[in-house]
Amino acid sequence: MFEDISIGDQLPELVKHPDNRQLVMYAGASQDFVAIHYDLSVAKEAGHSNVIIHGALKSAWLAELVTGWIGSEGRLLELDVSYRAIDFPGDKATCIGKIIDTRNEDGVGLVEIEIGLRNFEGTISTSGRALVSLPTRSGI
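What counts and how
Residues numbered from 1 in each chain as written. Predicted model: local features only at pLDDT ≥ 70, side-chain atom pairs only at ≥ 80, totals over all residues. Heavy atoms only, no water. Patch = residues over 30% accessible without salt bridge, like charges linked within 9 Å, V, L, I, M, F, W, Y side chains within 5 Å. Areas by Shrake-Rupley, 256 points an atom, 1.4 Å probe, with all protein chains shown as cover. Salt bridge = Lys/Arg side-chain N within 4 Å of Asp/Glu carboxyl O. Helix = DSSP H or I, 4+ residues; strand = E, 2+ residues; numbered from the N terminus. Buried < 20%, exposed > 50% of the residue type's maximum accessible area, 1.4 Å probe, protein only. Core = buried A, V, L, I, M, F, W, Y, C linked by side-chain atoms within 4.5 Å. Contact = heavy atoms within 4.5 Å. Pairing = 2+ DSSP bridges. Axes fitted to C-alpha atoms, helices over the stretch in contact; angles between N-to-C directions.

Caption draft 1: A look at a nonpolar patch on the surface. Together, V24, F33 and Y38 line one region of the surface with nonpolar side chains, adding up to about 320 Å² of accessible area. By the secondary structure assignment, F33 is in the loop between α1 (20-30) and α2 (40-45). Taking relative accessible area as the criterion, F33 reaches 46% and is therefore assigned partly exposed.

Right under this line is the structure:
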């Protein structure tokens, strides 16, 4: 419920352990067959040590973090992300979120969340924000 949250609250972390199989599955589902995501020689030609994780897959993980937290009664209204660094399969990726604003507009509980994907080094490789609505006790 909207009334149960406060600015500064942390969302439960969502940890991902991506591997090459997941990248192939995502490529098939999204129809994103850019070779840098599955062909090691192409990735190395681009200066990387490994194939790279799709940016949109990282966005999907962050959306999963938020929608898992709001549950079936909440609504994801906005999701904005910015890719700051490249992530690789085989490295742990942790989705994090923190409440940065709450407001009640005409009986609708709006919550703004700062979100990020933290790589195994502790760097935020993908940052962003989400706006969600949560049910209020008054239900007006």
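Picking up after the structure, the text goes on.
Caption draft 2: Geometry of unusual backbone geometry. Of note, Q31 is a non-glycine position whose phi angle comes to about 65°, a positive value. Among the secondary structure elements, Q31 is positioned in the loop between α1 and α2. Taking the relative accessible area as the measure of exposure, Q31 reaches 57% and is therefore exposed. In this structure, D106 takes a positive phi of about 55° despite not being glycine. Within the element layout of this structure, D106 appears in the loop between β3 (93-105) and β4 (108-118). The class of D106 is exposed, set by a relative accessible area of 77%.

Caption draft 3: Looking closely at the nonpolar core. Counting residues in each nonpolar core, the largest one holds 28 residues, and the members touching the most others are W61, C95, V111, I113, V132 and L134. Those elements that place two or more of their residues in this core are α1, α3 (55-70), β3, β4 and β5 (124-134). Broken down by element, the residue count for this core peaks at six residues, all from α3. The contacts of I113, once residues within four sequence positions are left out, are L11, V66, W69, G97, K98, I99, I100, G128, R129, A130 and V132.

Caption draft 4: Inspection of the sheet that holds strand β1 (residues 14-16) at higher detail. One open sheet holds the five strands; their spatial order is β1-β3-β4-β5-β2, and the pairing between them is antiparallel. The sheet terminates laterally at β1 and β2 (75-83), the two strands that pair on one side only. On average, adjacent strands in this sheet sit at an angle of 20° to one another, irrespective of strand direction. The pairing of β1 with β3 spans three bridges and is classified as antiparallel. Pairing of K16 across the sheet is with A93, part of β3. Sheet strands touched by α3: β1, β2, β3, β4 and β5. Its angle to β2, the strand with the most contacts, is close to 145°.

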